[in-house]
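# Coordinate analysis (summary)
Below, each chain spelled out in residue letters.
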Amino acid sequence: MKNEKGNMTTFLIAAITADGFIARHSRHLADWTSKEDKQFFTQKTKEAGVVIMGLNTFRTIGRPLGGRHNIVYAPASPAGRPPEEKLQGVEITQENPKDLLARLEQKGYKQAAICGGATIYTMFMEAGVVDKLYLTVEPVLFGAGIGLFTKELDVRLTLQSVQKLNEQSTLFEYNIMK
Ligand SMILES: NC(=O)c1ccc[n+]([C@@H]2O[C@H](COP(=O)([O-])OP(=O)(O)OC[C@H]3O[C@@H](n4cnc5c(N)ncnc54)[C@H](OP(=O)(O)O)[C@@H]3O)[C@@H](O)[C@H]2O)c1
């Protein structure tokens with residue numbers, strides 16, 4: 001299924017705890033996910049060639065992801081960020097999701113990976129431009145923290161595939177019904 005803008009496929013990719021959290025707090029590193037999920041993330045995002053994320057997520061990673069065009073949602077002016085912060089090797093944007101995806105499609109990208117966090121996942125879902133979700137459920141509970149989304153949504157999914165990445169971690173591929 002394609003997004004409204006054209007022929008590019010936009011997918012959301014996330015690892016979640018068994019109780020639905022993506023992190024304990026906004027500076028929490030994704031160091032609790034499985035090796036197999038990290039491998040899947042690398043493979044899918046390299047296939048897409050472009051990764052889109054928010055500033056908090058970029059800060060937890062601390063560097064651009066290699067071999068992919070990195071786009072980071074962040075305030076435009078250095079006044080909105082600590083001046084010493086290095087955002088080299090990434091494209092900073094404040095564009096609305098539809099405009100950004102249209103621009104990427106014009107550049108020739110066939111897929112775009114929405115890599116979080118919850119703020120960015122929610123912004124792209126609300127814009128109605130996401131076609132697919134890749135969710136890896138990891139065998140851990142946080143009890144509290146940052147969920148996948150920050151606002152109420154009303155979205156129906158169709159389950160496309162279920163894959164055990166290892167004995168403990170399961171990958172769910174969903175399409176979004178439009
Ligand atoms: N488990 C997973 O798969 C996974 C995946 C990704 C991230 N995470 C985790 O999620 C957490 C971060 O999530 P989050 O929701 O706190 O943050 P986020 O979505 O990574 O980034 C949000 C920040 O991006 C900036 N931003 C957002 N929209 C913008 C716009 N239109 N224009 C300009 N700047 C914009 C804002 O920065 P300012 O506030 O400075 O304006 C905002 O605070 C981290 O702990 C990370 O490890 C987990």
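Reading the values: the criteria
Residues numbered from 1 in each chain as written. Predicted model: local features only at pLDDT ≥ 70, side-chain atom pairs only at ≥ 80, totals over all residues. Heavy atoms only, no water. Buried < 20%, exposed > 50% of the residue type's maximum accessible area, 1.4 Å probe, protein only. Helix = DSSP H or I, 4+ residues; strand = E, 2+ residues; numbered from the N terminus. Pairing = 2+ DSSP bridges. Salt bridge = Lys/Arg side-chain N within 4 Å of Asp/Glu carboxyl O.

### Remarks on the pairing of strand 10 (residues 170–176)
The element strand 10 is extensively covered by neighbouring structure, given that five of its seven residues are classed as buried. Direction of pairing for strand 7 (residues 132–138) relative to strand 10: antiparallel, over a ladder of six bridges. Bridging across to strand 10, tyrosine 134 finds its partner in glutamate 173. Across seven bridges, the pairing between strand 9 (residues 157–164) and strand 10 is antiparallel. Of the residues in strand 10, the one forming a bridge with leucine 159 is tyrosine 174.

### Thoughts on the pattern of salt bridges
Applying the stated rule across the entire model yields seven salt bridges. Between lysine 44 and glutamate 47 there is a salt bridge; the shortest N-O distance is 3.1 Å. In this pair, lysine 44 and glutamate 47 both sit in helix 1 (residues 35–48), three residues apart, roughly one turn of the helix. A relative accessible area of 9% means that lysine 44 is categorised as buried. Between glutamate 95 and arginine 103 there is a salt bridge, with the nearest N and O atoms lying 2.8 Å from each other. With relative accessibility at 24%, the residue arginine 103 sits in the partly exposed group. Look at the salt bridges and you will find they share partners, linking Glu91, Glu95 and Arg103 into a network.

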